[in-house]
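# Structural description and commentary
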Amino acid sequence: PSPYFCGKFSKTLLMLKQTLLACFLTATIFFATSASAQTGPAYKTGLGLRFDLGEGSLYGFSAKHFLSQQLAGEATVLFGTGLNASLGAELQYHVPIANATGLSWYAGGGLQALFTKYGGGTPIWLRPMAGLDYKINTAPVNLSLDWRPTFQLNYGGGSDIGRFGLALRYTL
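Residues numbered from 1 in each chain as written. Predicted model: local features only at pLDDT ≥ 70, side-chain atom pairs only at ≥ 80, totals over all residues. Heavy atoms only, no water.

### Comments concerning the overall build of the chain
Selection rule: Every helix listed is a DSSP run of H or I at least four residues long, and every strand listed is a run of E at least two residues long, numbered separately from the N terminus. Buried means the residue's accessible area, taken with a 1.4 Å probe over protein chains only, is under 20% of the maximum for its type, while exposed means over 50%, and partly exposed covers the values in between. The accessible surface values rely on the Shrake-Rupley method and a 1.4 Å probe; as for residues, cover is taken only from the protein chains in view.
When helices and strands are tallied, the chain shows one helix and 10 strands. Ordered by position from the N terminus, the helices and strands of the chain form the series α-β-β-β-β-β-β-β-β-β-β. Burial analysis of the chain (172 residues in total) assigns 36% to the buried set. Only carbon and sulfur atoms are counted for the fraction: they give 72% of the accessible area of the chain, which is about 9300 Å².

In structure tokens form, the structure reads like this:
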């Protein structure tokens, strides 16, 4: 076989392993805490800042809204070096953590499109995620910390599993 084929196969196999690991970790968290109390969200809507940290960090705005007691949607507009903008949309499943008022864990995923300054197309990322969401009881403030690996769906693929997010929002 050609070296090109072997390189592509190795890259695909690595992405498959990373995806399976992410799914396993998310399922483990889900089943380990499924006995948590099932109450409504600590807030309905949050507007604020999001930082996406990793190779080529991004920063910008986040809007998160609960569609039901446990299902939330988040939209982001992020900026970074070499980008005009990045637009993202995600769905997240939240589960409150027992005996921890305002704290929940969540898992979900979405898509993110990156609009570059230099042309050459629009990379599309698949964004699974797992994290913690905390609403401060005494203030209209929400904090989120999550693991947000990326899997590029076009232009030859690629992945970055070492990405993390931090959000600070004003809650309504």
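### Details of the pattern of salt bridges
Basically, it comes down to this: Salt bridge, as used here, is a side-chain nitrogen of Lys or Arg placed within 4 Å of a carboxyl oxygen of Asp or Glu.
Enumeration according to the criterion identifies 11 salt bridges in this entry. Notably, a salt bridge pairs Arg148 with Asp52, separated by 3.8 Å at the nearest N-O pair. With Arg148 in the loop between β7 (141-147) and β8 (150-152) and Asp52 in strand β1 (residues 45-53), this pair connects stretches of sequence that are 96 residues apart. For Arg148, the salt bridge goes to Asp146, with nearest N and O atoms at 3.1 Å. A relative accessible area of 1% means that Arg148 is categorised as buried. In this structure, a network of salt bridges that share partners links the residues Arg50, Asp52, Lys64, Glu74, Glu90, Arg127, Asp133, Asp146, Arg148, Asp160, Arg163 and Arg169.

### Some details on the packing of aromatic side chains
Selection rule: We call Phe, Tyr and Trp rings a pair once their centres come within 6.5 Å, taking the six-membered ring for Trp, and we label the pair stacked below 30 degrees between planes, edge-to-face above 60, and tilted otherwise.
Inspection of the entire model under this criterion finds one aromatic pair. Relative to Phe66, the ring of Tyr43 has its centre 5.3 Å away and its plane inclined at 85 degrees; by these criteria the two rings are edge-to-face. On the criterion of sequence distance, the pair formed by Tyr43 in the loop between α1 (3-32) and β1 and Phe66 in strand β2 (residues 58-66) is long-range, its members being 23 residues apart. For Tyr43, a relative accessible area of 5% translates into the label buried.

### So, the confidence of the model for the chain
The condition that has to hold: Every residue is assigned a pLDDT by the predictor, reflecting its confidence on a scale from 0 to 100. Throughout, a residue-residue contact means that at least one pair of heavy atoms, one from each residue, lies within 4.5 Å.
With 77% of its residues at a pLDDT of 70 or more, the chain has an overall mean of 85. Contacts of residues 1-7 to residues separated by more than four positions or lying in other chains number one contact, the stretch itself having pLDDT below 50. Ignoring residues within four places in sequence, the model shows residues 31-37, a span with pLDDT below 50, making eight contacts including any to other chains.

### Digging into the environment of Pro41
Along the chain, the position of Pro41 falls in the loop between α1 and β1. You can call Pro41 partly exposed: its relative accessible area is 32%. Separated by 61 residues in sequence, Pro41 and Gly102 have C-alpha atoms that sit 7.9 Å apart. Residues within four places of Pro41 in sequence aside, it is in contact with Phe66, Ser68 and Gln69.

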